[in-house]
Amino acid sequence: MPSEPLRIAYSPCPNDTFVFDALAHGRIADAPALDVTFADIDVTNGLAERGAHDVLKVSYAVLPYVLDRYALLPCGGALGRGCGPLVLAREPGLDLRGRTVAVPGERSTAYLLFRLWAADTVPGGVGRVVVLPFHEIMPAVRDGRVDAGLVIHEARFTYRDHGLRRLADLGEYWERTTGLPIPLGAIIARRSLGAPVLRDLASAIRRSVLAAWDDPTVSRPYVLEHAREMDPAVVDQHIGLYVNEFTARLGDDGYAAVRGLLTRAAAEGLVPPLGPDALAFP
């Protein structure tokens, strides 16, 4: 067991606080202690590229840039079906050719899916892409500062409240074209921690997931404390969508989805190619 707490960064979103509640509060036996930092996914992606923390929740899209230093853990992340990013606009059926689109980061899984979708469905391509924090994207679309926006997280439950229309569900696109679940967020840990610590950490995260499922009321205060005044019903939808069997165990379909996304993105020149053993867990 490490002599010092592991420095971990994950988002304040309900799925992450639900997953890590028991572990972060010392309720998992024989587990490494954690020193927790809350940061949105675009920030944790940057932390991973700088090697700034021991453990991080990141976009799967950033893996090709960090797997020399970090190992993908086989649990704790966000994959699933029916949970993909959405492309939104003020008017239905908007032609995106030459339009300005706001995205939540160019190293995000959502952006990779958007680029793959646009290559198939927007002849000539979109116009300008601007990066905004994900919570600013819907107001920017609503107010006409951009033509369309790529949204993630709970926005799929609330976009109608902003008067917006769905142009595309990129999860539906991905599942229709691949048959695989959608790989969104990964848990990675520094390889230099060593294989025994990495295995202990993965076991602890898995047990933290199972503890949260066993009694969801225990994690409720931690989840709501960091949910940014999110409606409790939306919190429950968020957890129900993003915490699933792939969170407890990535499994064959999960690994296939991750490799499928990154292989396809590499073929389009969007990310560096993965080595044959890059996703292997020690």
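One can find the structure itself at the top, above this paragraph.
Bear in mind the structure is a predicted one, so any value in this text is a computation, not a measurement. (Residues numbered from 1 in each chain as written. Predicted model: local features only at pLDDT ≥ 70, side-chain atom pairs only at ≥ 80, totals over all residues. Heavy atoms only, no water.)

**Student:** So what exactly am I meant to see when it comes to the packing of helix α1 (residues 14–24) against helix α8 (residues 195–214) here?
**Tutor:** Any two packed helices are characterised by how steeply their axes cross, that is the angle between the axes, and by the distance between the axes. Taken N-terminus to C-terminus, the directions of α1 and α8 make an angle of 110°; their axes are 7 Å apart at the nearest point. In terms of axis orientation, α1 runs roughly perpendicular to α8. Contacts between α1 and α8 involve Phe18, Val19, Phe20, Asp21, Ala22 and Leu23 on the former and, on the latter, Ala204, Ile205, Ser208, Val209, Ala211, Ala212 and Trp213. Its residues placed into classes, the contact of α1 with α8 shows eleven nonpolar, one polar and one charged. (Axes fitted to C-alpha atoms, helices over the stretch in contact; angles between N-to-C directions. Helix = DSSP H or I, 4+ residues; strand = E, 2+ residues; numbered from the N terminus. Parallel < 35°, antiparallel > 145°, perpendicular 65-115°, else oblique. Contact = heavy atoms within 4.5 Å. Nonpolar A, V, L, I, M, F, W, Y, C, P; charged D, E, K, R; others polar.)

**Student:** I keep staring at helix α5 (residues 134–142) and nothing clicks. Help me out?
**Tutor:** For α5, the set of buried residues is Phe134, Ile137, Met138, Pro139, Ala140 and Val141. Against β6 (86–89), β7 (101–103), β9 (148–151) and α6 (155–158) lie the buried residues of α5. Immediately downstream of α5, the backbone of glycine 144 shows phi near 80°, a positive value. (Buried < 20%, exposed > 50% of the residue type's maximum accessible area, 1.4 Å probe, protein only.)

**Student:** Any chance you could explain the packing of aromatic side chains here in plain terms?
**Tutor:** Each aromatic ring pair is summarised here by two numbers: the centre-to-centre distance and the angle between the ring planes. Inspection of the entire model under this criterion finds four aromatic pairs. Plain terms: the ring middles of tyrosine 10 and phenylalanine 20 are 4.5 Å apart, the flat faces sit at 10° to each other, and that makes the pair stacked. In this pair, tyrosine 10 sits in strand β1 (residues 6–10) while phenylalanine 20 sits in helix α1, placing the two residues ten residues apart along the sequence. Through pairs of rings, three or more aromatic residues link up here, namely Tyr10, Phe20, Phe38 and Tyr222. Of note, arginine 107 hangs over the ring of tyrosine 65, and the distance from its end group to the ring centre comes to 3.6 Å. (Phe/Tyr/Trp six-rings, centres within 6.5 Å; stacked < 30°, edge-to-face > 60°. Lys NZ or Arg CZ within 6 Å of the ring centre and 35° of its normal.)

**Student:** Is there a simple way to think about the pattern of salt bridges in this case?
**Tutor:** Proximity of charged atoms lets side chains of opposite charge pair with each other. Counted according to the given criterion, the structure contains twelve salt bridges. Among the salt bridges present, the one from lysine 57 reaches aspartate 16, with a minimum N-O distance of 2.5 Å. With lysine 57 in strand β3 (residues 55–59) and aspartate 16 in helix α1, this pair connects stretches of sequence that are 41 residues apart. When its relative accessible area of 2% is taken as the criterion, aspartate 16 is described as buried. For the salt bridge of arginine 142 with aspartate 143, the shortest nitrogen-to-oxygen distance reads 2.9 Å. Sharing partners across several salt bridges, the network here consists of Arg142, Asp143 and Arg145. (Salt bridge = Lys/Arg side-chain N within 4 Å of Asp/Glu carboxyl O.)

**Student:** Just checking my understanding: could you explain the environment of leucine 34 for this structure?
**Tutor:** Its place among the elements puts leucine 34 in strand β2 (residues 34–38). By relative accessible area, leucine 34 is classed as buried at 15%. Along the primary structure leucine 34 and aspartate 54 are separated by 20 residues, whereas in three dimensions their C-alpha atoms are 9.7 Å apart. If sequence neighbours within four positions are ignored, leucine 34 has contacts with Pro5, Leu6, Ile8, Leu23 and Ala24.

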